[in-house]
Amino acid sequence: VQFGCTPNMKFSTFISVILVNAARFHSQSELIRGVSAASLRGNNNNNRVLIQEEQGTFVLGIVEYESNPDGNDDDDHSEEILNVDLPDGLFELKGVPPGFLQRAKPRSGIDTIKIPSGASKNGRTIDLNNQDPIVVSGDNGAVNLFNRRRLLASTGDKKVLVVRVVANDASHENSESVLGEKWFGTDGDSNVDAVNLKSQYAACSHNQLNLIGSTTTVNLNKTITGATKIDVRGYAVEALGNYKEVYDHVALCLPPGTETGASANWVAIAYIDYEFSMHNNKYCTQLSVQMHEVGHSLLNLDHSGTTGNANSLDDHSGMMGISYGIDGGPLMCYNNAKNWQLNWFDNAKMTVDGTSSYSGPLKGQVNYIKDAIGQSPVVIKVVGVPNLYVGFNHRALHNSGTREGGDQVTIQEYTGSDETTFTSYKPSKLVAKLNANGVYVADAASVTVNSVNTTTGIAEVTILNCWGYKGGGPCNTAHGSGVCQWNGGCKDYTCGCKAVKP
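Here's a quick rundown of the structure. The structure displayed is predicted, hence computed values, not measured ones.

Focus on unusual backbone geometry
Between Gly329 and Pro330 the backbone carries a cis peptide bond, its omega angle lying at -5°. Along the chain, Pro330 falls in the loop between β15 (304-305) and α8 (336-341). Positive phi values are uncommon outside glycine, yet Asn300 reaches one of about 65°. Counting through the fold element by element, Asn300 comes out in the loop between α7 (287-297) and β15. For Asn437, which is not glycine, the phi dihedral falls at a positive 75°. Take Asn437: it is sitting in the loop between β21 (428-434) and β22 (439-441). Accessibility expressed as a relative area gives 64% for Asn437, which makes it exposed.

What follows is the structure in structure tokens.
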């Protein structure tokens, strides 16, 4: 991947002095809330062993890595890290037995987990020594649920703070003003980026998501070269104070030099349903990294690839695949499955259920008209196992830089829920890219593209769904034998047969 340089530009922003002071000058008494001395044994912050249980909120983190900075960006990958938010801060969990997530299914930002005695704290990590955390609650109370609704709403005003981190031996490479330009843009200044995170979210959401941006700098009296990103995060958060009371999202822009070996190639970390992301130096100003990480943390969006695996990032049709080292680009939004999760196209969604069909126009998301009644669908959900999400990936305007499936009908599989809740955090899988006269046949559904008009941004499609005749459990032979009939509807469908177009 070739990464562009970041020019220095003048930045001016209009923010509340009260908000900045809340981030910078919070009293030291509120910065660190320590745990009881009776719960620990050991010295200072290293190798402290818990002699009694502690509990806090489970937080899932996603670390993105650039495998080969000068090579194929499809080698980029991610990993999940487990965390707990305790009274004295956020800690990464080590030594968790394999399969914990699959067994316990803890929900990030919602579930309380109990850290067993015998675990050891060292810096900002807790080693569980091969003990499972215990999920003790699926509900942290009305306040937590209120905060989740606030965080997960994909429309309205969102207060975002971008933090430039400066240490004794290294500083983030950009000034506050440049960071402000790259994240939020400025008003009335001819030397601003035409495209930034705020402007791209406004465009993709059709002015339904508005970022209210602030920037600040924290100075750490620490040496961070070779230090873990988790420890540096802890230092910066302590300096910020009680930011959760003020901001919907905080992005830390770290200096270069954290981590060693292969881990030094980290790009960013996002914490799911938790108002926080962290970016490794130059990646803090790159639009696709910003939209990807904020998509995780603020909008509850998982990855998209071609395998359906959470670590697969090779769906290039939207911003939840890999990221690109491009300043102010590429111009693209999210894919069909993600658009269904978000609340941006609610009056342009259509469902084709298990015994129905649709034949008609499908408009590109850039052509959506907010509040228009009776407009053509932007995304169509085809009910099945799994559900399919169909859209026309019109390569124009704020989606002119889409890297895959441009001006084609694209189809993603997705197994999460419809709403932006904890059950919607699931990866999507790109399964088809269709030109005019293209056909995609699933187990019990068919999508046919009759025509594509790139001038109007409309594709004409025919979608048939026979899933309701197949039956979801024991073999359902009530409709006789044969195959799906594609001339206007489905009939005579045999349980388990492959839907084929004659």
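Topic: the environment of Leu211
Its place among the elements puts Leu211 in strand β11 (residues 209-219). Taking the C-alpha atoms as reference, Leu211 lies 4.9 Å from Lys158; in sequence the two are 53 residues apart. Contacts of Leu211, omitting those with residues within four sequence positions, involve Lys158, Val160, Leu197, Lys198 and Tyr201.

Some words on the packing of aromatic side chains
Geometrically, a pair of aromatic rings is defined through the distance of the ring centres and the angle of the planes. Scanning all chains against the criterion turns up ten aromatic pairs. Seen in terms of ring centroids, Tyr271 and Tyr274 are 6.2 Å apart; in terms of plane orientation they differ by 65°. Their pairing is edge-to-face. Residue Tyr271 is classed as buried on the basis of its relative accessible area of 0%. On the accessibility criterion, Tyr274 (7% relative accessible area) is buried. Taken together, the ring pairs connect Tyr243, Tyr271, Tyr274 and Phe276 into an aromatic cluster. Taking NZ or CZ as reference, Lys121 lies 4.6 Å from the ring centre of Phe91, over its face.

Quick notes on the sheet that holds strand β16 (residues 349-352)
Across the sheet, which stays open at both edges, the six strands sit in the order β15-β21-β20-β19-β18-β16 with mixed pairing between neighbours. On the outer flanks of this sheet lie β15 and β16, each paired with one strand and no other. The pairing of β15 with β21 spans two bridges and is classified as parallel. If you follow Gly305 over to β21, its bridge partner there is Lys429.

A look at the side chain of Thr258
With respect to the element layout, Thr258 can be found in the loop between β12 (249-254) and β13 (266-271). Residue classification places Thr258 among the buried residues on the basis of a relative accessible area of 2%. At 3.0 Å, the side chain of Thr258 forms a polar contact with the side chain of Trp266. Not counting the four nearest positions on each side in its chain, Thr258 is found in contact with Ile224, Gly226, Ala227, Lys229, Val232, Ala264, Trp266 and Asn280.

What to know about the sheet that holds strand β23 (residues 445-453)
Across the sheet, four strands lie side by side as β17-β24-β23-β22; this open sheet has antiparallel pairing. Strand pairing shows two members of the sheet lacking a second neighbour, β17 (357-363) and β22, which therefore form its edges. This sheet shows a mean twist of 15° between the axes of neighbouring strands, independent of strand direction. Where β22 meets β23, three bridges bridge the pair, whose relative direction is antiparallel.

Digging into the packing of helix α5 (residues 197-204) against α7
At a minimum axis distance of 10 Å, the contact between α5 and α7 shows a crossing angle of 65°. For α5 against α7, the interelement crossing comes out right-handed. Facing Leu197, Gln200, Tyr201 and Cys204 of α5, the residues of α7 in contact are Leu287, Gln290, Met291, Val294 and Gly295. Considered class by class, the residues forming the contact of α5 with α7 number six nonpolar, three polar and no charged.

Analysis parameters
Residues numbered from 1 in each chain as written. Predicted model: local features only at pLDDT ≥ 70, side-chain atom pairs only at ≥ 80, totals over all residues. Heavy atoms only, no water. Helix = DSSP H or I, 4+ residues; strand = E, 2+ residues; numbered from the N terminus. Buried < 20%, exposed > 50% of the residue type's maximum accessible area, 1.4 Å probe, protein only. Contact = heavy atoms within 4.5 Å. Phe/Tyr/Trp six-rings, centres within 6.5 Å; stacked < 30°, edge-to-face > 60°. Lys NZ or Arg CZ within 6 Å of the ring centre and 35° of its normal. Pairing = 2+ DSSP bridges. Polar contact = N/O pair within 3.5 Å; in protein donor to acceptor, adjacent residues only side chain to side chain. Axes fitted to C-alpha atoms, helices over the stretch in contact; angles between N-to-C directions. Left-handed = near helix turned anticlockwise from the far one by under 90°. Nonpolar A, V, L, I, M, F, W, Y, C, P; charged D, E, K, R; others polar.

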